[in-house]
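Residue-level listing of the chains:
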Amino acid sequence: MQPSNEPSFRESVDLMFNRAVALMDLPAGLEEKIRVCNATYTVRFGVRLRGKIHTFTGYRSVHSEHMEPVKGGIRYALGVNQDEVEALAALMTYKCALVEAPFGGSKGGLRIDPREYDEHELELITRRFAYELIKRDLINPAQNVPAPDMGTGEREMAWIADQYKRMNTTDINGVACVTGKPTHAGGIQGRTEATGRGVQYALHAFFRDEQGLQKAGLKGTLKDKRVIVQGLGNVGYHAAKFLSEEDGCKITAIIERDGAVHDEGGLDVQAIYEWIGKHGTITGFPGVTVEDNGAKLLEADCDILIPAALEGVINLENADRIKAPLIIEAANGPVTSGADGILRKKGTVIIPDMYANAGGVTVSYFEWVKNLSHIRFGRMGRRQEESRHQLIVDELERLDRHLGDSWSMTPDFKNRYLRGAGELELVRSGLDDTMSTAYQSMADVWHGRDDVDDLRTAAYLVSIEKVAASYRAKGL
Ligand code: NAD
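These figures come from a predicted structure and were not determined experimentally.

So, on to the overall build of the protein. When helices and strands are tallied, the protein shows 16 helices and 12 strands. What you see for the protein is a C-alpha radius of gyration of 23 Å, in line with the 23 Å of a compact globule of 476 residues. Counting only C-alpha atoms, the protein reaches 80 × 55 × 55 Å along its principal axes. The buried share of the protein, taken over its 476 residues, is 54%.

Bringing the packing of aromatic side chains into the picture now. Inspection of every chain in the model, using the stated rule, returns 15 aromatic pairs. Ring geometry for phenylalanine 206 against tyrosine 439: centres 6.3 Å apart, planes inclined by 90°, an arrangement best described as edge-to-face. Of this pair, phenylalanine 206 sits in helix H6 (residues 194-207) while tyrosine 439 sits in helix H15 (residues 423-448); the two residues are 233 residues apart in sequence, bridging distant segments of the chain. Given the relative accessible area of 0%, phenylalanine 206 is considered buried. Centre to centre, the rings of tyrosine 237 and tyrosine 273 are 3.6 Å apart; their planes meet at 10°, and the pair counts as stacked. Highlighted residues: tyrosine 237 in helix H8 (residues 234-247) and tyrosine 273 in helix H9 (residues 269-279), separated in sequence by 36 residues. The exposure class of tyrosine 237 is buried, given its relative accessible area of 8%. What links up through ring pairs into an aromatic cluster is the set Phe45, Phe56, Tyr117 and Phe129. Across the ring face of phenylalanine 242, the terminal group of arginine 197 is positioned such that the distance to the ring centre comes to 3.6 Å. Over the ring of tryptophan 446 we find lysine 215, and its NZ or CZ is 4.5 Å from the ring centre.

Let us now look at the side chain of threonine 57. Along the polypeptide, threonine 57 turns up in strand S2 (residues 52-64). For threonine 57, a relative accessible area of 14% puts it in the buried group. Apart from the residues lying within four places of it in its own chain, the contact partners of threonine 57 are Thr42, Val43, Arg44, Gly109, Leu110 and Arg111.

Turning next to helix H3 (residues 82-98). Given 3.6 residues to a turn, an α-helix orients residues that are three or four positions apart in the same direction. Compared with the 24 Å implied by 1.5 Å per residue over 17 residues, the 24 Å span of H3 between its first and last C-alpha is a close match. Among the 17 residues in H3, 15 count as buried, and that is most of the element. The N-cap of H3, judged by a side-chain oxygen 3.0 Å from the amide nitrogen of aspartate 83 a few residues on, is asparagine 81. After H3 finishes, the residue glutamate 100 shows a positive phi value of roughly 55°.

The seven strands lie next to each other as S9-S8-S7-S6-S10-S11-S12, forming an open sheet whose pairing is mixed. Whereas interior strands pair on both sides, the edge strands pair on one side only; in this sheet they are strand S9 (289-291) and strand S12 (349-351). For this sheet, the mean inter-axis angle between neighbouring strands, taken without regard to orientation, is 20°. Of the pairings in the sheet, the one linking strand S6 (residues 226-230) to strand S10 (residues 304-307) comprises four bridges and is parallel in character.

Before going further, it helps to examine the pattern of salt bridges. Scanning all chains against the criterion turns up 45 salt bridges. In this structure, the salt-bridge partner of lysine 181 is glutamate 367, at a minimum N-O distance of 2.7 Å. Placement of the pair is lysine 181 in the loop between helix H5 (154-167) and H6 and glutamate 367 in helix H12 (residues 359-373), with a sequence separation of 186 residues. The same class applies to lysine 181 as to glutamate 367, namely buried. Connected through salt bridges with shared partners, the residues Arg19, Glu329, Asp340, Arg344, Asp353, Asp454 and Arg456 form a single ionic network.

Near the ligand you find 23 residues, and of these Arg75, Asp149, Thr195, Glu256 and Asn332 are the closest. Residue arginine 75 places a side-chain N or O atom 2.8 Å away from an oxygen atom belonging to the ligand. One nitrogen or oxygen atom from the main chain of asparagine 234 is found 2.9 Å from an oxygen atom belonging to the ligand. Burial of the ligand by the protein chains amounts to 87% of its free accessible area of 830 Å². Residue assignment for the shell around the ligand shows that the elements contributing at least two residues are H8 and strand S7 (250-256). Classifying every residue of the shell around the ligand by side-chain character gives 10 nonpolar, eight polar and five charged.

Right, let's get into H8. Taking 1.5 Å of rise per residue, the 14 residues of H8 would be expected to cover 20 Å, and the 19 Å separating its terminal C-alpha atoms lies within 8% of that figure. Across the 14 residues of H8, 10 count as buried, placing the element largely inside the fold. Regarding H8, the residues found buried are Val235, Gly236, Tyr237, His238, Ala239, Ala240, Lys241, Phe242, Leu243 and Asp247. Those residues of H8 that are buried are in contact with H6, S6, S7, H9 and S10. At the exit of H8 stands glycine 248, carrying a positive phi of roughly 75°.

A few words now on the sheet that holds strand S4 (residues 104-111). Spatially, S1-S2-S4-S3-S5 is the arrangement adopted by the five strands of the open sheet, whose pairing is mixed. Every interior strand has two partners, whereas the edge strands, strand S1 (39-49) and strand S5 (144-148), have only one. Sheet twist, expressed as the average angle between the axes of neighbouring strands with direction ignored, equals 25°. As paired strands, strand S3 (residues 70-77) and S5 are joined by five bridges and run parallel to one another. Bridge pairing in S5 places lysine 71 opposite valine 145. On top of the sheet, H3 reaches S1, S2, S3 and S4; it is set at about 150° to S4, its chief contact.

Right, let's get into unusual backbone geometry. Between glutamate 68 and the following residue, proline 69, the backbone shows a cis peptide bond with an omega angle of 5°. Mapped onto the secondary structure, proline 69 falls in the loop between S2 and S3. Positive phi, normally seen in glycine, also occurs at aspartate 224, with a value near 70°.

Reading the values: rules and limits
- Residues numbered from 1 in each chain as written.
- Predicted model: local features only at pLDDT ≥ 70, side-chain atom pairs only at ≥ 80, totals over all residues.
- Heavy atoms only, no water.
- Helix = DSSP H or I, 4+ residues; strand = E, 2+ residues; numbered from the N terminus.
- Rg over C-alpha atoms; globule rule 2.2 N^0.38 Å.
- Buried < 20%, exposed > 50% of the residue type's maximum accessible area, 1.4 Å probe, protein only.
- Phe/Tyr/Trp six-rings, centres within 6.5 Å; stacked < 30°, edge-to-face > 60°.
- Lys NZ or Arg CZ within 6 Å of the ring centre and 35° of its normal.
- Contact = heavy atoms within 4.5 Å.
- Expected span 1.5 Å × (residues − 1).
- Polar contact = N/O pair within 3.5 Å; in protein donor to acceptor, adjacent residues only side chain to side chain.
- Pairing = 2+ DSSP bridges.
- Axes fitted to C-alpha atoms, helices over the stretch in contact; angles between N-to-C directions.
- Salt bridge = Lys/Arg side-chain N within 4 Å of Asp/Glu carboxyl O.
- Near = heavy atom within 4 Å.
- Areas by Shrake-Rupley, 256 points an atom, 1.4 Å probe, with all protein chains shown as cover.
- Nonpolar A, V, L, I, M, F, W, Y, C, P; charged D, E, K, R; others polar.

This is how it looks when you write it as structure tokens:
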């Protein structure tokens, strides 16, 4: 998909990193130490399936160990290769620094099309891959903690956690070896939706930034904004669902791997998601315009473009024709460094991946902390909070009786105020706070420095400064 005259994904990430570092004053050699990937492990292993041994190739790359454990998803896709995992591991380092999740960066991948295997086969393959990584401490609650990514989800994470526990029966923190697990297997509420939810919160933060809106030539709120989404997987589905159902956005196009649907009046995200789940394809969805060449729709007129599938989809070939004034990179690396230059010149505002999709790692951080503390968030304080609220409500009710018709509580105030926060509310509130604080740190640089004209460079400046400070503190 990406033209061959472009740098590879990892080179693209390095070029963007270099643009930012040129504006910094780092001690000699530190820039290279931060940029390079510390180590990449390649494993080839066999699994007996359907009467014969199949050999699989997998990777786990560790980009930076300035903080441990290192963190980053495991991807199942046919395109997985060393260059890709190294690029993704580097992005994890910068992402964690930006949102202040106390991790270094890592990423893993298995070269496989998961749709070609049934559940039992996938379990055998996942457990064997996990075994290879666990025995080298490349999965370990204190050293390297994976999470879901493209082609994997909570089912695979549960198998990995179980495999780790079988191999480390006395490790009381074993369940913290991986995040994104189902809630009944040590997961946390709100992790599955977290990356898409984070995209929504990132857009909320952007729409509160008047200067940012002006730079993008946008006005008002998210209501009725026309949005195009590429990839209706975990990230794209949740982002599109929340933006349409809660913020009143119109999802005018959804682009999938085998086609796209388009309706200027706004698409029914839930119905399309269910259609894909049932039929395995977006084609044939009734009542809307179906396009065979889905990628063409990236160039359609809209207010916000959300690439949420894979890297390199906006590149030298199509960047010039992209009309969206605002792109939010829900996927990792959807805009190549060449395309980034073209779009910057056109004045397109890009909310960069390392910030836009950081909701996943943020909630993974909460899950890891929950696993290490062995207690659900809110369990100790919830009733106490509720009884303090009850005191105020009792007092207000006394006033209510006293003042008669001249004053009364709004009808559902009492119910809403009395309910203490459960785990999901706490997770969402922690995520919202993280996304809003991180946005502010980028926006201060974007609006405050004459030599910075885009959010990506601002994001790199903030995160590299944090990684550098950590290395300096270590005396490196
Ligand atoms: P997923 O496997 O759940 O979904 C990917 C979707 O993209 C699928 O619906 C797939 O059919 C579609 N797709 C694949 N190729 C396509 C193409 N050429 N054109 C259009 N659609 C295509 O994966 P995900 O977890 O949603 O991840 C998507 C992106 O978000 C990846 O770049 C990933 O690295 C990034 N990301 C994911 C998480 C997470 O928590 N899952 C966190 C941070 C970043």
